[in-house]
Amino acid sequence: MDISTTYLGLKLAHPFMAGASPLSARLDSVRRLEDAGTAAIVLHSLFEEQITMAATGRIRHRDPLERQFAADLSLFPTTTDYPFSPVEHLEHLRRVKAAVDVPVIGSLNGTTGEEWLKYATLLQQAGADAIELNLYEVVTDLTVPGSVIEHQIRSAVAELKRVLHIPVAVKLSPFFSALGNFAHQLDEAGADGLVLFNRFYQPDIDIRTMTAVPTLELSRAHELRLRLRWLAILHGRVRSSLAVTGGVETPPDGVKAILSGAHAVQMVSALLRHGPEYLQTMQRGLESWMEWQKFGSLGEVRGRASVQSSPDPSAFERAHYIRTLHSWGM
Ligand SMILES: Cc1cc2nc3c(=O)[nH]c(=O)nc-3n(C[C@H](O)[C@H](O)[C@H](O)COP(=O)(O)O)c2cc1C
């Protein structure tokens, strides 16, 4: 049975890989991921704020020591809170590349297309097989329209494509008013892959102190459905390859992602919960499902549950919405 896949032009033995997380921050856990059979490894991110702080002592063009900015900027990790300095991060990537045979994807995480992005070239020089760009921002400025944000991200991708010879994936937020069009724009800008979706870590409110408190909960499978919907909508309609991230908890979740159109399945929470060896459970689960359904190759599975065959996917979505509301029984 052939469960190999191609993601970002990289030939992978199967679709399951470790997404960006602390699992890649130590060489021993990187080796453990490879021993557990990960198809590729996305390194934990190098952050724009970390890079600008090291280069200029500033975060978002502001000096954390200036009184007016101190309160907001003090929430950012200090230079020593990151596992590595930017230069050490490059060295770590070199070591990871020397330690494993699977493709290693470097991750850049920021909000702008500014100077810091030159680290993409440095990651490439250090041996990255591809770059995953994560422009994660909650846009709180009420005067900034969505089109400006889309333009910024599209330009950053086009610029990376101009300077790099390795593939570029874009880890996306689901919060665009016309996500399909934005995916199409990124495709036109040359993105080799789209990674659906960033998880937005939403602070809770502590009613004792009446302040927002950061919370980090590992994902559960119910988060997958938003991803399945958009994989199913984009499958076969963009040139970029598609990866899922977010809510792949068990082997059936992996199967659903591929049925919706995923070329690659990134996992973090499940690996933090069960250990890297869970990747083998995912692989075995996919193989036995394919055997049961009598599929010989992953190509036959991918996108089978996508909306590609629907002449009006929007009507399909609307019909499902109304039908779901009515399924409660009136
Ligand atoms: C502890 C932790 C650290 C993470 N670090 C990063 C990171 O450095 N860069 C990034 O793009 N995503 C990061 N993520 C997000 C994951 O890559 C992934 O997109 C998210 O957890 C959803 O996948 P999951 O449901 O399999 O956990 C992190 C997630 C966790 C839980």
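Here the structure is a predicted model, which means the values were calculated and not measured.

(A) Layout of the pairing of strand β6 (residues 130–135). Most of β6 is tucked away: six of the six residues are buried. Of the two faces of β6, the one carrying Ala130, Glu132 and Asn134 and the one carrying Ile131, Leu133 and Leu135 are both buried. As judged from the six bridges shared by strand β5 (residues 104–110) and β6, these two strands associate in the parallel manner. Bridge pairing in β6 links Ser107 to Glu132. The parallel pair β5 and β6, bridged by helix α5 (residues 119–125), forms a crossover whose chirality is right-handed. Taken together, the four bridges between β6 and strand β7 (residues 168–172) define a ladder with parallel strand orientation. In the sheet register, Glu132 faces β7, and the bridge partner there is Ala169. Following the backbone out of β6, through helix α6 (residues 146–163) and into the adjacent parallel β7, one traces a crossover that is right-handed.

(B) Broad picture of the packing of aromatic side chains. For the structure shown, the criterion picks out five aromatic pairs. Judged by centre distance (4.4 Å) and plane angle (25°), the ring pair of Tyr136 and Phe200 falls under stacked. Of this pair, Tyr136 sits in the loop between β6 and α6 while Phe200 sits in the loop between β8 (193–196) and β9 (204–206), and the two are 64 residues apart along the sequence. Of the aromatic side chains, those joined through ring pairs into one cluster are Tyr136, Phe175 and Phe200.

(C) Structural view of the nonpolar core. With 78 residues, the main nonpolar core has Leu108, Leu133, Ile153, Leu172, Leu186, Leu194 and Met267 as its most contacted residues. For this core, the element with the most residues is helix α8 (residues 224–234), which contributes seven residues. For Leu108, the contacting residues outside a window of four places in its chain are Leu46, Trp116, Leu117, Tyr119, Ala120, Leu123, Ile131, Glu132, Leu133 and Asn134. Grouped together as the second largest cluster of nonpolar side chains are 14 residues, Ala39, Ala40, Val42 and Val195 included.

(D) Representation of α8. When you tally the buried positions in α8, you get eight out of 11 residues, the bulk of the element. When α8 is considered as a whole, its buried residues turn out to be Leu224, Arg227, Leu228, Trp230, Leu231, Ala232, Ile233 and Leu234. Of the surrounding elements, those touching the buried residues of α8 are α7 (179–189), β8, β11 (241–245), α9 (251–260) and α13 (313–326). Count one or two residues on from α8 and you reach Gly236, which has phi positive near 75°.

(E) Local environment of the packing of α6 against α7. It is the contact of α6 with α7, at a shortest axis distance of 9 Å, that shows an interaxial angle of 25°. As the angle between them shows, α6 and α7 are arranged roughly parallel. The crossing of α6 and α7 is right-handed. Here Glu150, Ile153, Arg154, Val157, Ala158 and Lys161 of α6 come into contact with α7, specifically with Asn181, Phe182, Gln185, Leu186 and Ala189. Residue classes in the contact of α6 with α7 are distributed as six nonpolar, two polar and three charged.

(F) Layout of the pairing of strand β4 (residues 41–47). With six of seven residues buried, β4 lies mostly within the body of the structure. As judged from the five bridges shared by β4 and β5, these two strands associate in the parallel manner. Opposite Ile41, over in β5, you have Val104 as the bridge partner.

(G) How the structure looks around a nonpolar patch on the surface. A surface patch of nonpolar side chains, amounting to about 390 Å² of accessible area, comprises Tyr201, Leu216, Leu218 and Leu272. Of note, Leu216 is situated in the loop between β10 (211–213) and α8. Of the residues examined, Leu216 reaches a relative accessible area of 66% and is grouped as exposed.

(H) Layout of the packing of helix α1 (residues 27–35) against helix α4 (residues 86–99). Their axes nearest at 10 Å, the elements α1 and α4 cross at an angle of 35°. For the pair α1 and α4, the crossing hand works out as right-handed. Where α1 approaches α4, its residues Leu27, Val30, Arg31 and Glu34 are matched on the opposing element by His92, Arg95, Val96 and Ala99. Looking at side-chain class alone, the contact of α1 with α4 contains four nonpolar, one polar and three charged residues.

(I) The environment of Thr52, seen in detail. Structurally, Thr52 is set in helix α2 (residues 48–56). Put simply, Thr52 and Trp116 are 64 residues apart on the chain and 6.7 Å apart in space, counted from C-alpha to C-alpha. In this view, Thr52 contacts Gly57, Arg58, Ile59 and Arg60; residues no more than four positions away in its chain are not counted. At a separation of 2.8 Å, a polar atom in the side chain of Thr52 contacts the main-chain carbonyl oxygen of Arg58.

Definitions and limits used
Residues numbered from 1 in each chain as written. Predicted model: local features only at pLDDT ≥ 70, side-chain atom pairs only at ≥ 80, totals over all residues. Heavy atoms only, no water. Buried < 20%, exposed > 50% of the residue type's maximum accessible area, 1.4 Å probe, protein only. Helix = DSSP H or I, 4+ residues; strand = E, 2+ residues; numbered from the N terminus. Pairing = 2+ DSSP bridges. Right-handed = clockwise from strand over helix to strand, strands pointing away. Phe/Tyr/Trp six-rings, centres within 6.5 Å; stacked < 30°, edge-to-face > 60°. Core = buried A, V, L, I, M, F, W, Y, C linked by side-chain atoms within 4.5 Å. Contact = heavy atoms within 4.5 Å. Axes fitted to C-alpha atoms, helices over the stretch in contact; angles between N-to-C directions. Parallel < 35°, antiparallel > 145°, perpendicular 65-115°, else oblique. Left-handed = near helix turned anticlockwise from the far one by under 90°. Nonpolar A, V, L, I, M, F, W, Y, C, P; charged D, E, K, R; others polar. Patch = residues over 30% accessible without salt bridge, like charges linked within 9 Å, V, L, I, M, F, W, Y side chains within 5 Å. Areas by Shrake-Rupley, 256 points an atom, 1.4 Å probe, with all protein chains shown as cover. Salt bridge = Lys/Arg side-chain N within 4 Å of Asp/Glu carboxyl O. Polar contact = N/O pair within 3.5 Å; in protein donor to acceptor, adjacent residues only side chain to side chain.

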